[in-house]
Amino acid sequence: MSDDELIWRIAGGSGDGIDSTSQNFAKALMRSGLDVFTHRHYPSRIRGGHTYVEIRAAGHEVQSRGDGYNFLLSLGDSFARNPQEEAYYGNEEIKPLSENLDDLREGGIIVYDEGLISEEDVADLDLEERAEENDWHVFPMDLRGLAKEHGREVMRNTAGVGVTAALLDMELEHIEDLMSDAMSGDVLESNLEILHESYETTKEEYDFEHDLRAPEGSHETEQALLSGSNAIAYGAIDGGCRFISGYPMTPWTDVFTILTQNFPDIGGVSEQVEDEIAAAALAVGASHAGVKAMSGSSGGGFALMSEPLGLAEMTETPLVLVESMRAGPSTGMPTKPEQGDLEFVLYTSQGDSSRVVFAPGNIEEAYEQTRLAFDIAWEYQIPTIIIYDQKLSGENTNVDVEFFDREPEPGLGSTLTEEELKEAAHDNSGKFKRFNYEDAENGVAPRSLPGQKGGRYLATGNEHSPVGHISEDPDNRVFQMDRRIGKLDAIREELDEERPSNQTYFGDETAEYGIITWGSSQGAVQEAVQRLNESGHSVKGLSVSDMMPFAEAEVTDFLESVDEAMVVEMNATAQFRGLIQKELGRFGDKMTSLLKYNGNPFEPAEVVEGYEVNLADEDRQPTAQVRIEPAAGD
Amino acid sequence: MSAFNAIGEEREIDRDEFTPSVEPQPTWCPGCGDFGVLKSLKQALPEVGKTPEEVLTVTGIGCSGKLNSYLDTYGFHTIHGRSLPVARAAKLANPELEVIAAGGDGDGYGIGGNHWIHTARENHDITYIVFNNEIFGLTKGQTSPTSPKGHKSKTQPSGSAKTPLRPLSMSLNAGASYIARTAAVNPNQAKEIIAEAIEHDGFAHVDFLTQCPTWNKDARQYVPYIDVQESDDYDFDVTDRREAAEMMYETEDVLNEGTVLTGRYYVDEDRPSYLEEKRAVGELPDEPVAERYFDEDAEWERSYDLLDRHT
């Protein structure tokens, strides 16, 4: 655990402005030259209930939320209604203080709002005693009073930021700039007053005996603070997507909203519709008529998309779907991440169905692979799915602005122009052989669009002849099936030979111990591998994105090169490890699993501990919150 | 230059153009009412000046779903109940296409009921023809949402305990701006109504009564029908919502007693279509989005230009 980093946790009730305040503060830290990584923890409700956002900031690269935290700004839950300990959501006023203490590091700082959190409640926590044990520095401040005096009670967030800046010895400049961008008039003035007042008061009232100060850093190029949802939405825009249809569901809604808000300016169409079956069916309809279209949902909504997904595959309508996983089964934990929908996304829909599935592991990959998803879907006329989760959806990290400086790719792939259609194969009736299997390349038969001259055909979800008529002819069936399924092999070949790898490697290349992960667990694993190597172990890591067609060659090479591997994923049934075994048909005796499914993402230290337990070869489990699953035959 | 030259082409159009010149031959049973829908579409499309290539027919599942197999336009044969969402989006992607959706009473009023209500509510500019034979045909004769109460079938052996759905009233309440009922046994009226529905700007719902000689021999579609506009017994203004509602209600009552009334029930030319509404609030570009992909001069915005808000 490095000491040169700040992990600032702002805690309160939902609706207390935790999110917007943290966004601004994260940006201010980024502007001051630091790398930042945010983590959001919130309940499935609008007002009240314990919620927090953590911002990890350091002068070096940060890939995960880190372990624990070292600064707590506890605002209290101003919407708390139920004082019972065992209440449904457990929403007492003091929870934003009491719920957080176990993870606070030694030497950490606590600022709490004594305007909202009463002295007796604090006394019940034995805060003084615990502070002494852990060398915590506690600063009770009347943030509510301060805010009320100069503005309105809700502005106590600003007071909290002012106190934070004072205690960390930060300049206020970036915070002021961001406030000026976001507000104006009286509201801005009150907030600025509160910011300065809280800053000065803190400086005057307290001697700073703590060691924690804002880290220092600098960026060589301009940085942008983005979430995974932003990255997916922007990847779609640059991939030429101009149609989105959806039904709101956490956490997919962010992508839907971002595109919807941008489309009027860039000539796209967004539709909020009656259900997810309609949402995916609309995307199919728009794509069929010639627009690059996408839809998406989270697990429960994606379940409804199963039939339009199959329709897109059978009619060879290009389509991109995104699936942001949350903890299941059923509605599960709506605001908590899990990697439990992998098998569902790979195999949903009837028949020998096939689709392309990418699982990006961070913001840059989310952008890249969404672009790639559009490219592949339109080139190969196949549904392509981006599977990610609540964690990647909501976490914000800084990205080099120049990363995004590239040209869009709006092309419609293997779609013919009217000129090209004249030369294309037609049958005796004059109908276009849209599903021609005779000279299809890579399984792809080029398509026409409704309204084009000379391109008339029927698209149907039934098995069909080259012009699209329903057909149960056995020979045609086999030709068409082989052609459609054959696309996956062609795509695998293209991904292996013509594209940069979607897989991410890290650690010591020569190591004989490997850690494999996928999706948003990548950051924690990457950091764990780094730490292990720094502390004298020899470990390497692989984060896999190509789920279907599976990154067979790369994963095989990796597993062959190690004696033992631990597969890290956020689910209870080791779905990804199962996929590896299914796809490769071996390595069952080499792989153990480190699983976490309590609603919180991995922290790097948990992965480190998992490795240690595994290596020690002892019959024990690391902690209550993660689980080791032994290798086959063990 | 348009990438879709078949759209808006002006020429004499022969109805034979809409008949596939080689297989497939319809698989409908002899005497099936579905032939009537096919025929009236083939007659109406040239009449309203549509070429086969500018028409997209989107169908669901069932006997009705095979309509576009036997009608030579661009076609999309979708899945049970989902013709409307597919059709809606095709129209939004390329508003210049003539989009016609079709399905049966099980497909459209049953499994696709949710889509039907919302498509009507939003008044999408598409034509929706429902082959209503009061039975599930292709799955061999089960009770459908429009089967009369007491109807006996393999899935309702003691006679259906369910009150039949009222398609016309439902559509009116949901917001459709053109609602008519016609029947396969009256080809002249059917052709006229289909033509009007195609020309209507907004959601045009045609409840098309089609007899099922195999599974629903008792259906009342065989009895003589009365045109509600032409009968002196039924005097109402088709543009008046209340009067239309009353007429529909009355009609739907007597339909189950053996009297078949057909004709136009509601025509609202003033209600803007969804395309217009969406354009008015700035959510739909003036030019078809589909055209843009073929325009070499089109400017494609980059996410890079959106990054200011994140820095």
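Refer to the structure presented above.
The rules behind these values
Residues numbered from 1 in each chain as written. Chains lettered and ligands numbered in written order. Predicted model: local features only at pLDDT ≥ 70, side-chain atom pairs only at ≥ 80, totals over all residues. Heavy atoms only, no water. Helix = DSSP H or I, 4+ residues; strand = E, 2+ residues; numbered from the N terminus. Buried < 20%, exposed > 50% of the residue type's maximum accessible area, 1.4 Å probe, protein only. Contact = heavy atoms within 4.5 Å. Areas by Shrake-Rupley, 256 points an atom, 1.4 Å probe, with all protein chains shown as cover. Lys, Arg positive; Asp, Glu negative; His and termini not counted. Charge placed at Lys NZ, Arg CZ, Asp CG, Glu CD. Core = buried A, V, L, I, M, F, W, Y, C linked by side-chain atoms within 4.5 Å. Pairing = 2+ DSSP bridges. Axes fitted to C-alpha atoms, helices over the stretch in contact; angles between N-to-C directions. Salt bridge = Lys/Arg side-chain N within 4 Å of Asp/Glu carboxyl O. Buried area = accessible area lost by both parts, 1.4 Å probe. Polar contact = N/O pair within 3.5 Å; in protein donor to acceptor, adjacent residues only side chain to side chain. Nonpolar A, V, L, I, M, F, W, Y, C, P; charged D, E, K, R; others polar.

Scanning chain A from N- to C-terminus turns up 22 helices and 22 strands. For chain A, with 634 residues in total, the buried portion stands at 63%. For chain A, restricting intrachain contacts to residue pairs at least 6 apart in sequence, the fraction spanning at least 24 positions comes to 78%. If you sum the accessible surface of chain A, you get close to 23000 Å²; carbon and sulfur atoms cover 42% of it. Between the averaged position of the 48 positive side-chain charges in chain A and that of its 122 negative side-chain charges there is a distance of 8 Å.

Attention now moves to the nonpolar core. Residues and elements named next belong to chain A. Met-294, Met-547, Phe-576 and Ile-580 are the most contacted members of the largest nonpolar core, which totals 185 residues. Excluding its chain neighbours within four sequence positions, the residues that come into contact with Phe-576 are Leu-342, Ile-516, Thr-517, Trp-518, Val-544, Met-547, Phe-550, Val-567 and Glu-569. Grouped together as the second largest cluster of nonpolar side chains are 43 residues, Trp-8, Phe-25, Phe-71 and Val-161 included.

This paragraph deals with the pairing of strand S10 (residues 293-297) of chain A. Residue and element names in this part refer to chain A. Across the five residues of S10, five count as buried, placing the element largely inside the fold. Here S10 shows two buried faces, one formed by Ala-293, Ser-295 and Ser-297 and the other by Met-294 and Gly-296. Pairing analysis gives three bridges linking strand S8 (residues 243-246) to S10, with the strands arranged parallel. Along S10, the bridge assignment pairs Ile-244 with Met-294. Pairing of S10 with strand S11 (residues 319-325), which is carried by four bridges, proceeds in the parallel orientation. Residue pairing in the sheet places Ser-295 in a bridge with Leu-321 of S11.

So, on to the sheet that holds strand S1 (residues 55-59) of chain B. Whether parallel or antiparallel, the strands of a sheet pair through hydrogen bonds between backbone atoms. Taken together, nine strands build an open sheet; the order of strands is S15(A)-S2(B)-S1(B)-S3(B)-S4(B)-S8(B)-S7(B)-S10(B)-S9(B) and the sheet is mixed. This sheet does not close on itself; its edge strands, each paired only once, are strand S15 (458-460) of chain A together with strand S9 (225-227) of chain B. Here the strands of the sheet are splayed against their neighbours by 20° on average, with no regard to which way each runs. Of the strand pairs in this sheet, S15(A) and strand S2 (residues 74-77) of chain B are connected by three bridges, and their pairing is parallel.

Moving on: the environment of B:Val185. Here B:Val185 is to be found in the loop between strand S7 (178-183) and helix H6 (187-199). B:Val185 sits 149 residues away from B:Gly36 along the chain, and the two C-alpha atoms are 7.3 Å apart.

Residues and elements named next belong to chain A. Read from one edge to the other, the open sheet built from six strands follows the order S16-S18-S17-S20-S21-S22, with strand pairing classed as mixed. Both outer strands of the open sheet, strand S16 (504-507) and strand S22 (626-629), are each paired with one neighbouring strand and no more. Adjacent strand axes in the sheet meet at a mean angle of 20°, parallel and antiparallel pairs treated alike. Inspection of the sheet shows strand S20 (residues 564-569) paired to strand S21 (residues 591-596) by five bridges, in the parallel sense. Looking at the pairing, Met-566 lines up with Thr-592 of S21.

Turning next to unusual backbone geometry. Trans peptide bonds make up the majority, and among non-glycine residues the majority have a negative phi. With omega at -5°, the peptide bond leading from A:Gly328 into A:Pro329 counts as cis. Here A:Pro329 shows up in the loop between S11 and helix H14 (342-347). With an omega dihedral of -10°, the bond running from A:Met548 to A:Pro549 counts as a cis peptide bond. Of note, the phi angle at B:Glu134 is positive, near 60°, even though the residue is not glycine. Relative to the helices and strands, B:Glu134 resides in the loop between strand S4 (127-132) and strand S5 (135-136).

Take the pattern of salt bridges next. Charged atoms that come close allow side chains of opposite charge to pair. One pass over the full model with this rule turns up 56 salt bridges over all chains. Note that A:Arg456 is salt-bridged to B:Asp72, the shortest N-O span being 3.1 Å. Here A:Arg456, found in the loop between helix H17 (418-423) and S15, pairs with B:Asp72, found in the loop between S1 and S2, and the two come from separate chains. B:Asp72 matches A:Arg456 in its accessibility class, with the two residues each being buried. Note that A:Arg492 and A:Asp546 form a salt bridge whose closest N and O atoms lie 3.2 Å from each other. With A:Arg492 in helix H18 (residues 474-497) and A:Asp546 in strand S19 (residues 546-548), this pair connects stretches of sequence that are 54 residues apart. On the basis of relative accessible area, A:Asp546 is assigned to the buried category, the value being 1%.

What follows covers the interface of chain A and chain B. Each partner contributes to the interface: chain A provides 77 residues, whereas chain B provides 63 residues. Between chain A and chain B, roughly 5700 Å² of surface is buried when both sides are summed, and carbon and sulfur atoms account for 58% of that area. Between B:Asp72 and A:Lys431 there is a salt bridge; the shortest N-O distance is 3.3 Å. On inspection of chain A and its partner chain B, the count reaches 36 residue pairs in polar contact (both at pLDDT 80 or more). Among the elements that make up the side of chain A that touches chain B, the one with the highest residue count is helix H11 (residues 276-288) of chain A (eight residues). Taken together, the residues that form the side of chain A that touches chain B break down as 35 nonpolar, 23 polar and 19 charged.

Further remarks concern the environment of B:Asp105. Residue and element names in this part refer to chain B. Examined against the element boundaries, Asp-105 turns out to sit in helix H3 (residues 105-111). Placed 166 residues apart in sequence, Asp-105 and Arg-271 show a C-alpha to C-alpha distance of 26 Å. Among residues more than four places away in sequence, those in contact with Asp-105 are Gly-110, Val-130, Phe-131, Asn-132, Asn-133, Glu-134, Ile-135, Ser-144, Pro-145 and Thr-146. Of the polar contacts made by the side chain of Asp-105, one reaches the backbone nitrogen of Asn-133; its length is 3.3 Å.

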